[in-house]
Amino acid sequence: MTDVKAEWPLYEVFVRGKRGLNHVHVGSLHAADDAMALRHARDVYTRRNEGVSIWVVRSDAITASSPDEKDPLFAPSGDKVYRHPTFYEIPDDVPHM
Amino acid sequence: MTDTTDNPYEGLYGGDASHWAFGTGFEDPLATLGDTRVPEGVDPRDLAAYAVMLADDALVLSHRLSEWCSNAPDLEEDVALANVALDLLGQARLLYARAATIDPESVPGVPDGSPVPAEDAYAFFRDAGEFRNVGLVERCDEDFADAVVRLLLVASWRLAVMERLRAGSDPVLAAVAAKAVKELAYHRDYAGRWVVTLARGTEESRRRVQAARERVWRWRAELGATHPVEERVAQAGAGVDPAAVDDEVDAVLRQVWDAGDLDVPPREAVPAPRGRDGHHTDALTDLLEEMQSVARAHPLGRW
């Protein structure tokens, strides 16, 4: 018998919609293990026919940027409009840009 | 419509943002049906009674499962059990509606002026003695282990029946079965995983699941005991004889018991009198009193 914990760990849920290109973060839930997290995600987040694929990952496995780092991380790109590819002509047969 | 499942690039342009919130591509399980006449060689009264049996099992268990909403061990289990309950409710509606088309005389009388459809008449305007569900589905759950053990038994049995009913001669029952198979496969998986999890969890969870199985097990035998209506409908090719799936159900259950390191319980005698004949415990009377109270208090209501 394994040790008993008071609460199940938290998982983050990512769902790829029928029309979606990427898996999108849709929320979080509690589950005892990975397999249960996948089934809970199916039950909680795909009830309205939203998804065709689910990823779940333990929340404590995610490394997130800190709000304190917002300026050094993101502000420098705020004035560099030339990084956007808006100065190019997009050929007609390239649909997904 | 085109299936965009395998090409996520399809439809990115001109898409509607609401697709992300609600999904699209909902299916009507009866949409592709052509001829829905009652097949030859089947007594319509038998076939309607058979549909009502399958519907009653689903409706009563659906209500028992819905009682877990807000009472389950975790929010996620609330939603999971409610999903299962709604799947079963959907099966019951289609089966009642089919029973009404096959044998209009089987539709219960409703108060004068009541606008309720036939499916509601079966659900809300029959007393316990007119219900034909097996005893297993009506009993009260004592704890969560009860709920998952009972669901494992019902889902394993019903899945085996519905898999065969897909090839039955009644086109509507076959279409309902095709829809139900996908749902029941998930219900069985959900319940089986929980039984194993509890059996291999803590001492307390193992004790609970063993006690639950002892309480529930006496109702197992009725699932495999063929009722004369089931026998006649099965012989006519429109239904499934439960005796024919009994060994298969036992084999499925044995897998779960083995995975949970639980012994295989011996078979017990079929409880008599039987739910399939309209004999029920007080648990069903209490359940119906609550489930039917609003519909009966407001017989002219529109829902």
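Located above this text is the structure these notes cover.
Let me begin by describing the structure that accompanies this report. (Residues numbered from 1 in each chain as written. Chains lettered and ligands numbered in written order. Predicted model: local features only at pLDDT ≥ 70, side-chain atom pairs only at ≥ 80, totals over all residues. Heavy atoms only, no water.)

**Section: the pattern of salt bridges**
When the charged atoms of two side chains with opposite charge come close together, those side chains can pair.
Right, on to step 1. Scanning the model with the defined rule gives 30 salt bridges over all chains in all.
Right, on to step 2. Note that Arg39(A) is salt-bridged to Asp189(B), the shortest N-O span being 2.8 Å. Residue Arg39(A) is located in helix 1 (residues 34–45), and its partner Asp189(B) is located in helix 6 (residues 171–199); the two belong to separate chains.
Right, on to step 3. The partly exposed category is assigned to Asp189(B), whose relative accessible area is 25%.
Right, on to step 4. For the salt bridge of Arg98(B) with Asp170(B), the shortest nitrogen-to-oxygen distance reads 2.8 Å. A residue pair is termed long-range when its members are at least 10 positions apart, and Arg98(B) in helix 3 (residues 75–102) and Asp170(B) in the loop between helix 5 (144–165) and helix 6 qualify at 72 residues. (Salt bridge = Lys/Arg side-chain N within 4 Å of Asp/Glu carboxyl O. Helix = DSSP H or I, 4+ residues; strand = E, 2+ residues; numbered from the N terminus. Buried < 20%, exposed > 50% of the residue type's maximum accessible area, 1.4 Å probe, protein only.)

**What about the sheet that holds strand 3 (residues 51–58) of chain A?**
Residues and elements named next belong to chain A.
Right, on to step 1. As summarised here, the arrangement of the 3 strands in space is 2-1-3, forming an open sheet in which the pairing is antiparallel. Both edges of this open sheet fall to strand 2 (24–30) and strand 3, since each of them pairs with a single strand only. Recorded for the sheet is a direction-independent mean angle of 30° between the axes of neighbouring strands.
Right, on to step 2. Inspection of the sheet shows strand 1 (residues 10–17) paired to strand 3 by 7 bridges, in the antiparallel sense. Looking at strand 3, one finds that Arg 16 is bridged to Ser 53.
Right, on to step 3. Its contacts with the sheet put helix 1 on strand 1, strand 2 and strand 3, and the angle it makes with strand 2 is roughly 115°. (Pairing = 2+ DSSP bridges. Axes fitted to C-alpha atoms, helices over the stretch in contact; angles between N-to-C directions. Contact = heavy atoms within 4.5 Å.)

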